[in-house]
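Results of the structural survey
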Amino acid sequence: MINETAGDMVWSPDGRSIYYTEFDESHRPFRVRRHQLGTPQEADEIVFEEADPGFFVGVGETLSRAFITIDVHDHQTSEVWLIADGKSPRVISPRIAEREYDPEERDGRLYMLTNADGAEDFKIVTVSAEEPRDEDWVDLVPHQAGVLILDMIVLRNHLVRLERVEGLPRIVVRDLRTDAEWTVKFDEEAYSLGVSAGYEFDTATVRFTYSSPTTPQRTYDLDLETRERVLLKEQEVPSGHNPDDYVTRRIFADAPDGERVPITLLYRKSTPIDGTTPALLYGYGAYGISMPAGFSVSNLSLAGRGMVHAIAHIRGGMDKGYRWYKLGRRENKTNSFTDFIAAAEKLIADGYAAPDKIVAEGGSAGGMLMGAIANMRPDLWAGVLALVPFVDVLNTMSDDTLPLTPPEWPEWGNPLESEEDFKRIAAYAPYEQVGRQPYPPIFAMAGLTDPRVTYWEPAKWVAKLRVGKTDSHPLYLRTHMGAGHGGMSGRFERIKETALGYAFALSCVGLA
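The paragraphs below set out a description of the structure included in this document. (Residues numbered from 1 in each chain as written. Predicted model: local features only at pLDDT ≥ 70, side-chain atom pairs only at ≥ 80, totals over all residues. Heavy atoms only, no water.)

Observations concerning the overall build of the protein chain
Threshold: Secondary structure elements follow DSSP: runs of H or I of four or more residues count as helices, runs of E of two or more count as strands, with numbering from the N terminus. Residue burial is assigned from relative accessible area. The probe radius is 1.4 Å, only protein chains are included, and a residue is buried under 20% of its type maximum, exposed over 50%, and partly exposed in between. Whether two residues touch is decided by their heavy atoms; if any such pair falls within 4.5 Å, the residues are in contact. A positive count includes Lys and Arg, and a negative count includes Asp and Glu. His and the chain ends are not counted in either. Positions of charges follow a simple convention, taking NZ of Lys, CZ of Arg, CG of Asp or CD of Glu.
Looking only at helices and strands, the protein chain features 10 helices and 28 strands. Counting over 512 residues, the protein chain shows a buried share of 55%. Considering only contacts within the protein chain whose residues lie at least 6 apart along the sequence, 55% involve residues at least 24 apart. For the protein chain, the distance from the average position of its 54 positive side-chain charges to the average position of its 78 negative side-chain charges is 5 Å.

Take a look at the structure:
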């Protein structure tokens with residue numbers, strides 16, 4: 001038994017040892033050890049150790065199994081070390097601030113997904129695995145602005161990449177023997193895709209998942225030689241579901257600076273789109289995380305009750321490329337908030353929502369969004385549902401003893417070192433900006449054991465709102481005493497938690 005690991009582990013090629021990661025005292029993965037089977041854990045060799053608390057360490061392997069990999073990264077920078085035949089790790093390329101690269105191997109060459117040389121939406125390069133000098137990196141798939149390469153799979157004869165263009169994903173297949181390419185086609189206006197390689201390198205089959213707000217998740221095997229798709233599995237909806245009863249739409253809102261913000265819509269065909277309908281608008285907008293236009297039984301429960309469910313793909317995510325992310329972080333953070341407000345106004349203007357019947361929902365960094373839009377436009381919302389909301393941004397980013405604070409500085413700024421960062425965060429942080437004004441009904445949920453958004457953040461926020469608000473609208477705080485950042489554990493407890501939030505939303509628009 002190996003105790004106190006950080007979770008990552010990989011077997012050595014000979015099956016006689018295990019490489020694994022360890023946490024430091026602040027619960028950051030920072031070290032890789034090698035455990036020889038049959039020996040005490042106390043004798044495990046330290047293979048790699050990271051001194052910078054802003055970087056996390058992971059261990060894995062290339063799909064070809066030619067190398068064990070040690071990945072060192074923060075949100076913006078990565079560095080990868082290779083281990084072959086039990087030798088000491090060697091770095092592919094020393095870290096450069098805000099440069100990322102992720103390697104695979106084929107026939108003695110590394111294939112790397114990277115943003116090097118200004119490729120903000122990433123490109124794929126190749127280089128010798130034996131001598132991967134920076135000056136020898138050669139573009140295989142050049143950078144194309146606005147076409148974000150999300151992931152790649154390198155097989156014996158094929159390279160498969162997952163891209164996103166104008167907020168929608170696509171799968172592109174490249175035959176490495178001929179360099180010919182083709183794209184997998186889909187029909188719906190908005191949808192979600194995922195692709196995985198499995199464990200085989202010498203194969204011509206990959207597996208992908210497809211869903212849309214109206215179509216339950218489907219799992220396919222894709223033959224890269226014949227282009228044939230084989231449906232393996234489809235998500236079942238126990239209560240029954242007919243996709244033809246619902247509509248998926250993709251519309252765009254104009255942000256104050258002219259950017260076009262994608263919005264994904266789900267509603268029943270029988271729902272009147274005449275400006276009288278209640279809507280729930282969801283948003284996140286941080287860390288480059290994009291919101292997939294996927295299937296959700298929970299969202300169907302709202303649509304089935306006559307609500308429009310909308311997702312605002314705001315800046316801060318990478319829904320429209322890396323530029324979209326940069327325009328919603330650090331000095332551009334307020335774009336996330338104004339994008340969300342613009343999305344709500346678009347729903348009203350196009351008749352998808354009544355002006356007084358929009359409920360806003362967001363969690364974690366999306367909970368910060370909820371706090372900000374409640375401060376900025378309290379008149380626009382029938383209710384605000386804030387799940388584990390990151391609302392005490394300034395104080396949290398000023399406390400470097402918290403496990404996640406140093407790695408978060410590239411995202412928000414470091415108020416300990418920069419007066420500019422301090423002033424900028426203070427100008428939008430929901431807690432600091434609570435004012436003497438009316439607020440819509442607000443429901444905040446927290447978890448006592450949440451290591452990411454500590455329970456006192458929503459507690460402080462709600463306490464300050466109680467003092468500051470000038471209305472009689474309900475203001476609720478629920479702290480789950482046995483929950484972390486992801487909410488209550490267990491399938492049914494999570495369903496109950498979602499139901500509680502949706503009950504609040506429905507009550508705000510007169511449907512409960």
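Focus: the packing of helix α3 (residues 334-349) against helix α4 (residues 365-376)
The packing of two helices is summarised by the inter-axis angle and the distance between the axes. Formally: Only the contacting stretch of a helix is used when fitting its axis, a line to C-alpha atoms as for every element, and angles between N-to-C directions run 0 to 180 degrees. An angle below 35 degrees is read as roughly parallel, one above 145 as roughly antiparallel, one from 65 to 115 as roughly perpendicular, and any other as oblique. Two helices crossing with the near one rotated counterclockwise from the far one by less than a right angle form a left-handed crossing, whereas a clockwise rotation gives a right-handed crossing. Here the nonpolar group is Ala, Val, Leu, Ile, Met, Phe, Trp, Tyr, Cys and Pro; Asp, Glu, Lys and Arg are the charged ones; every other residue, Gly included, is treated as polar.
Direction vectors running N to C along α3 and α4 enclose 70°, while the axes themselves pass 10 Å from each other. As judged from the angle between their axes, α3 and α4 are roughly perpendicular. Crossing of α3 against α4: the hand is right-handed. The residues of α4 that touch α3, namely those facing Ser336, Phe337, Thr338, Phe340 and Ile341, are Met368, Leu369, Met370, Ala372, Ile373 and Met376. Taken together, the residues of the contact of α3 with α4 sort by class into 9 nonpolar, 2 polar and no charged.

Examining the sheet that holds strand β15 (residues 168-175)
So the rule is basically this: Here, strands pair whenever DSSP counts at least two bridges between them.
The strand order β13-β14-β15-β16 describes an open sheet built from 4 strands, whose pairing is antiparallel. The open sheet has two edge strands, β13 (147-154) and β16 (181-183), and neither has a second partner. Neighbouring strand axes in the sheet, compared pairwise and without regard to direction, differ in orientation by 25° on average.

Some words on the sheet that holds strand β4 (residues 45-49)
Spatially, β1-β2-β3-β4 is the arrangement adopted by the 4 strands of the open sheet, whose pairing is antiparallel. Edge strands, defined here as strands with exactly one partner in the open sheet, are β1 (9-11) and β4. Across the sheet, the mean angle from the axis of one strand to that of its neighbour is 20°, orientation sign disregarded.

Things to note about empty space enclosed by the protein
Spelled out, the test is: Definitions used for this entry: grid spacing 1 Å over protein atoms alone; cavity, a set of points where a 1.4 Å probe fits but cannot get out; pocket, an open set with protein on both sides within 12 Å along at least 5 of 7 lines; lining residue, one with an atom within 4 Å of a point. Grid points are joined across faces, edges and corners, and a volume is the space filled by probe spheres set on the points.
Under the criterion given, the structure shown has 1 cavity of 30 Å³ or more. In this structure, the largest cavity encloses a volume near 60 Å³. The set of elements that each furnish at least two residues to the lining of the largest cavity consists of β22 (260-268) and β24 (308-312). It is β22 that provides the largest number of residues to the lining of the largest cavity, a total of 3 residues. Of the residues belonging to the lining of the largest cavity, the class tally is 4 nonpolar, 5 polar and no charged.

Some words on the nonpolar core
For the record, the criterion: Nonpolar core, defined: a set of buried Ala, Val, Leu, Ile, Met, Phe, Trp, Tyr and Cys residues in which side-chain atoms within 4.5 Å join the residues together.
With 61 residues, the main nonpolar core has Leu281, Phe340, Leu347, Ile373, Trp381 and Trp412 as its most contacted residues. Per element, the largest residue contribution to this core is 7 residues, and it comes from α4. In contact with Ile373, other than residues within four places in its own chain, are Phe337, Phe340, Ile341, Ala360, Pro378, Trp381 and Val384. Ranked by size, the runner-up nonpolar core spans 21 residues in total, among them Val173, Phe186, Tyr220 and Leu224.

Regarding a nonpolar patch on the surface
Rules: Distance thresholds for patches are 9 Å for like charges and 5 Å for nonpolar side chains (Val, Leu, Ile, Met, Phe, Trp, Tyr), applied to residues having over 30% relative accessible area and no salt bridge. In these tables, accessible area is a Shrake-Rupley quantity obtained with a 1.4 Å probe, and a residue counts as shielded only by the protein chains included in the view. We define a salt bridge as a side-chain nitrogen of Lys or Arg found within 4 Å of a carboxyl oxygen belonging to Asp or Glu.
Side chains of Leu448, Tyr455, Trp456 and Met481 sit close together on the surface and give an oily, nonpolar patch of about 400 Å² of accessible area. Note that Trp456 resides in helix α9 (residues 456-468). Residue Trp456 is classed as partly exposed on the basis of its relative accessible area, which comes to 37%.

Quick word on unusual backbone geometry
Phi angles above zero are rare outside glycine, and Phe122 is one such case at about 75°. Among the structural elements, Phe122 can be located in the loop between β10 (109-114) and β11 (123-128). Even without a glycine there, the phi angle at Val388 is positive, about 35°. Within the secondary structure, Val388 is located in the loop between β26 (383-387) and α5 (393-397).

Quick notes on the environment of Leu477
Along the polypeptide, Leu477 turns up in strand β28 (residues 475-480). It is 53 Å that separates the C-alpha atoms of Leu477 and Glu181, two residues lying 296 residues apart in sequence. In contact with Leu477, not counting residues within four places along its chain, are Ala444, Pro458, Ala459, Val462 and Arg466.

A short note on the pattern of salt bridges
Where charged atoms from two side chains of opposite charge come close, those side chains can pair. One pass over the full model with this rule turns up 34 salt bridges. Asp136 serves as the salt-bridge partner of Arg133, at 2.8 Å between the closest nitrogen and oxygen. Ionic pairing is found between Asp179 and Arg174, a salt bridge with its closest N-O pair at 3.4 Å. The exposure class of Asp179 is partly exposed, given its relative accessible area of 41%.

Some remarks on the layout of surface pockets
Taking a probe equal in size to a water molecule and rolling it over the atoms shows the remaining empty space. Its volume calculated, the largest pocket comes out at about 1400 Å³. Forming the walls of the largest pocket are 46 residues, and the residues nearest its centre are Ser298, Glu361, Arg494, Thr498 and Tyr502. Counting only elements with at least two residues in the lining of the largest pocket, the list comes to β17 (192-196), β18 (205-211), α1 (297-303), β24, β25 (358-363), β26, β27 (442-447) and α10 (491-508). Examining the composition of the lining of the largest pocket, we find that 9 residues originate from one element, α10, more than from any other. Across the lining of the largest pocket, the residue classes break down as 21 nonpolar, 20 polar and 5 charged. Considered as a void within the structure, the second largest pocket measures approximately 690 Å³ in volume. Around the second largest pocket, the lining is made up of 28 residues, and of these His75, Tyr287, Leu404, Glu408 and Arg452 lie nearest the centre. Every element with two or more residues in the lining of the second largest pocket is listed here: α5 and α6 (405-412). The dominant element in the lining of the second largest pocket, judged by the number of residues it contributes, is α6, at 3 residues. For the lining of the second largest pocket, a count of residues per class yields 15 nonpolar, 9 polar and 4 charged.

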